[in-house]
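# Chains, contacts and geometry: an overview
Each chain is listed here by its residues.
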Amino acid sequence: MSASISVSSYKKLEQKSKIKNILLRWFLYFVLILFASYFIFPLYVMVVTSLKTMEEIRQGTLLTWPSQLNFDSWAVAWGGRGYGAGDTFLRPYFWNSIKMVVPAVFFSTFIGAMTGYVLTKWRFKGDKWVFLFLLFGCFIPFQAILLPMARTLGVLGISNSILGLVVVHTVYGIPFTTLFFRNYYVSIPNELIKAARIDGAGFFKIFFKILLPISAPIIVVTVIWQFTQIWNDFLFGSTFSFGEAAPIQVALNNMVLSSTSVKEYNVDMASAIIAGIPTLIVYVLAGKYFIRGLTSGAVKG
Amino acid sequence: MFKWLEKNLPKVVLTPAVGLIGWFVYGFILWTLYISFTNSKILPKYELWGVGQYTKLWASRKWLIAVDNLLIFTSLFLIICIVIGIILAIFLDQKIRAEGVLRTIYLYPMALSFIVTGTAWKWILNPTLGIQKLFIDMGFENFTFDWLVNREMAIYTIVIAGVWQSAGFVMALFLAGLRSIEDEIVKAAKIDGANLFTVYWKILIPMMRPVFFTSFVVLVHISIKSYDLIVALTQGGPGISTTMPALYMTQTAFHKSQVALSAASAMMMFMAVAAVIIPYLYSELRREHVS
């Protein structure tokens, strides 16, 4: 008798906690999806707005789906209208950014790899201090170097040029690339290097034949990090270049701010998507490496 | 000669990095510091002028507005990002279906530039055609949302866009932190009768102290440097109501040609960052030593 009561009450209890659990799960998903819509909302608005005509934009709301997909504003954002003064469009600046990003990423990554290699595998007295010395460069606010940099680029005759921006981005990327490679190479056993040295391998041979082939993951992390940082930079781009040498973020900002007679929000949004799409693609394709770079290099100057 | 080179090759390879950073970071900061003690206008003058620029800076209404805005922005940005980040991380940690997709959605704004973010939000917050119209068309006829053009409220639009960009990143930091904790601890606590809420509130969140610290440093750092977002969203306006130190610095140097005054403001920013970063570096290095 008493046993059956306890079993049924236990069942009741179980039932209760099951309902509670299901409610909790619903609540969890509700909150998670609510936030997901907050994060998706601007992207949705950008895409939808870029596909509408101005007429439709004025009549509908942010969320209205376009009556028909209209890619005109994309064409205008990328290639202009082909007439009129002040016909600015992104195509040349997109290539400026490519021409700036590729060498800057290459040089900063290479220097960082070599520096990280020396700091971990050819240790000497005071190497910790050298690392700290370089690491500090990750944290400075760039405003503290903006004025002398502007003058230096002027003296070197490369202000307002893509070359100038390549130099700037290479230099201020070094602390990060060094940090990435140093932390990666620290975990590679020194015995590997010792054995190679006994076999007669020299400084460069060890680097190119032994370390570099196993560095793929950290190279990916570093290249993605540098690519994203340099592609998205606005401070250096807007301070050290204007007019034709400007990178895409500067051009985007100029396009959006330029107040011609009628504001074309659809062209603005198409431009913003074009400026954002390269880094977005990298993020979607290599999210894991992107996040790894982010969590180890986040404190950027 | 050859022997010397062979022996010192590692140090030779180190020279480009050390030389470049020595010159372009340390040398340049010292130059900026020096210039801030001169009376340079358009071109740098090297005659010392004392601390006049700093007194001028702290007497400037625009600079005080900038500092005020920085305090408002930093505190809101920090609190909201951390609260959203923790909630999302804990919720995602409950064996959620489609976790990968949700994570990707929360974090993608970090891949965009602040200029793209600012451009998008500027359109969304547009006082005639943006959110306001959305609500009016939904039937809330008296709904007004004009923060972007409202002197008192414009600074909060920067908070909205900034949080949107960075909250997912804080989520990623906390999620990584939660995942690094042994399941055993949670299991043991549950066996002892603790419910899920207690497990998080009493055990896991207190264990996240290093993650709080990192988030704090990263977010404060981002907010002190805030520049692009303000340029894209408000250009410091309406009037000068959303000026922040970084914007003050470039405007003073390149539009007003007050190089020394600008250098003084840059040094103030530098010191603010140093005050946050030096304790952080110190603790990080100590942790590395211990482990």
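Bear in mind that the values here come from a model prediction, so they are computed numbers and not experimental data.

## With respect to the overall build of chain B
For chain B, the count of helices and strands is 13 helices and zero strands. In sequence order, chain B lays out its α and β elements as α-α-α-α-α-α-α-α-α-α-α-α-α. Computed over its C-alpha atoms, the radius of gyration of chain B comes to 24 Å, more than 25% above the 19 Å expected for a compact globule of 291 residues. Dimensions along the principal axes, computed over C-alpha positions, put chain B at roughly 75 × 70 × 35 Å. Considering chain B as a whole, with its 291 residues, one finds that 43% of them fall into the buried category.

## Points about the overall build of chain A
From N to C terminus, chain A includes 14 helices and zero strands. Going from N to C terminus, chain A has its helices and strands arranged as α-α-α-α-α-α-α-α-α-α-α-α-α-α. Here the C-alpha atoms of chain A give a radius of gyration of 27 Å, more than 25% beyond the 19 Å that 2.2 N^0.38 yields for 301 residues. In terms of overall dimensions, chain A has C-alpha extents of about 85 × 70 × 35 Å along its principal axes. Buried residues in chain A amount to 45% of all 301 residues. For chain A, the share of sequence-separated contacts (at least 6 apart) that also reach a separation of at least 24 residues comes to 77%.

## Brief notes about the packing of helix 3 (residues 72-79) of chain A against helix 13 (residues 265-285) of chain A
Residue and element names in this part refer to chain A. At a minimum axis distance of 8 Å, the contact between helix 3 and helix 13 shows a crossing angle of 65°. You can see that helix 3 and helix 13 cross each other, and the crossing is right-handed. Contacts between helix 3 and helix 13 involve Ser73, Trp74, Val76, Ala77 and Trp78 from the first element and Asn266, Val267, Ala270, Ser271 and Ile274 from the second. For the contact of helix 3 with helix 13, the class distribution of residues is seven nonpolar, three polar and no charged.

## A word on the domain arrangement of chain A
Residues and elements named next belong to chain A. Domain annotation for chain A reports domain 1 (2-70) and domain 2 (91-297). Taken together, the contacts link seven residues of domain 1 with seven residues of domain 2. Of all the elements in the fold, those that place two or more residues in the side of domain 1 that touches domain 2 are helix 1 (2-50) and helix 2 (54-59). Looking at side-chain class alone, the side of domain 1 that touches domain 2 contains four nonpolar, two polar and one charged residues.

## Remarks on the domain arrangement of chain B
Residue and element names in this part refer to chain B. Splitting chain B by domain gives domain 1 (1-36) and domain 2 (51-290). Relative to domain 2, the C-alpha centre of domain 1 lies at a distance of 35 Å. At the junction of the two partners, domain 1 supplies five residues and domain 2 supplies eight residues. A per-class count over the side of domain 1 that touches domain 2 returns three nonpolar, two polar and no charged.

## Focus on the interface of chain A and chain B
Each side of the interface is counted separately: chain A has 66 residues, and chain B has 74 residues. Taken together, the residues of the side of chain A that touches chain B break down into 49 nonpolar, 15 polar and two charged.

## With respect to the environment of Gly237(B)
Structurally, Gly237(B) is set in the loop between helix 11 (228-233) and helix 12 (245-255). Under the C-beta neighbour-count criterion, Gly237(B) is labelled partly exposed, with 15 such atoms within 10 Å.

## Observations regarding unusual backbone geometry
Peptide bonds are trans in most cases, and residues, glycine excluded, mostly fall at negative phi. The step from Gly237(B) to Pro238(B) runs through a cis peptide bond, and the omega angle for that step is 0°. Mapped onto the elements of the fold, Pro238(B) is located in the loop between helix 11 and helix 12. With phi around 55°, Asn160(A) is a residue other than glycine that occupies positive phi space. As for its placement among the helices and strands, Asn160(A) is situated in the loop between helix 6 (143-156) and helix 7 (162-186). Located in the positive-phi region is Gln235(B), a residue other than glycine, with phi close to 50°. Relative to the helices and strands, Gln235(B) is located in the loop between helix 11 and helix 12.

## So, the confidence of the model for chain A
Averaged over all residues, the pLDDT of chain A is 88; the fraction at 70 or higher stands at 94%. Least confident of the elements in chain A is helix 14 (residues 287-297) of chain A, whose mean pLDDT is 78; most confident is helix 4 (residues 91-121) of chain A, at 95.

## Overview of the nonpolar core
One finds Leu90(A), Ile145(A), Leu252(A), Cys81(B), Met171(B), Phe174(B) and Met269(B) to be the most contacted residues of the largest nonpolar core, which totals 167 residues. Apart from residues lying up to four places away in sequence, Met171(B) is in contact with Gly85(B), Leu88(B), Ala89(B) and Tyr106(B).

## Quick notes on the environment of Phe145(B)
Residues and elements named next belong to chain B. Position of Phe145 relative to the elements: it lies in the loop between helix 6 (131-137) and helix 7 (154-179). Look at Phe145 and you get partly exposed, because 18 C-beta atoms sit within 10 Å. Sequence separation of Phe145 and Leu173 is 28 residues, and the distance between their C-alpha atoms is 33 Å. Discounting residues that sit within four places of it in the chain, Phe145 has contacts with Ile131 and Gln132.

## So, the environment of Pro148(A)
Mapped onto the fold, Pro148(A) is located in helix 6. Through-space distance from the C-alpha of Pro148(A) to that of Leu280(A) is 33 Å; in sequence the pair is 132 residues apart. Pro148(A) has contacts with Phe28(B), Trp31(B) and Thr32(B), leaving out every residue within four places of it along the chain.

Calculation rules
Residues numbered from 1 in each chain as written. Chains lettered and ligands numbered in written order. Predicted model: local features only at pLDDT ≥ 70, side-chain atom pairs only at ≥ 80, totals over all residues. Helix = DSSP H or I, 4+ residues; strand = E, 2+ residues; numbered from the N terminus. Rg over C-alpha atoms; globule rule 2.2 N^0.38 Å. Buried ≥ 20, exposed ≤ 12 C-beta atoms within 10 Å, placed from the backbone. Contact = placed C-beta atoms within 7 Å. Axes fitted to C-alpha atoms, helices over the stretch in contact; angles between N-to-C directions. Left-handed = near helix turned anticlockwise from the far one by under 90°. Nonpolar A, V, L, I, M, F, W, Y, C, P; charged D, E, K, R; others polar. Domains from an automatic or database assignment. pLDDT = per-residue confidence, 0-100. Core = buried A, V, L, I, M, F, W, Y, C linked by C-beta atoms within 7 Å.

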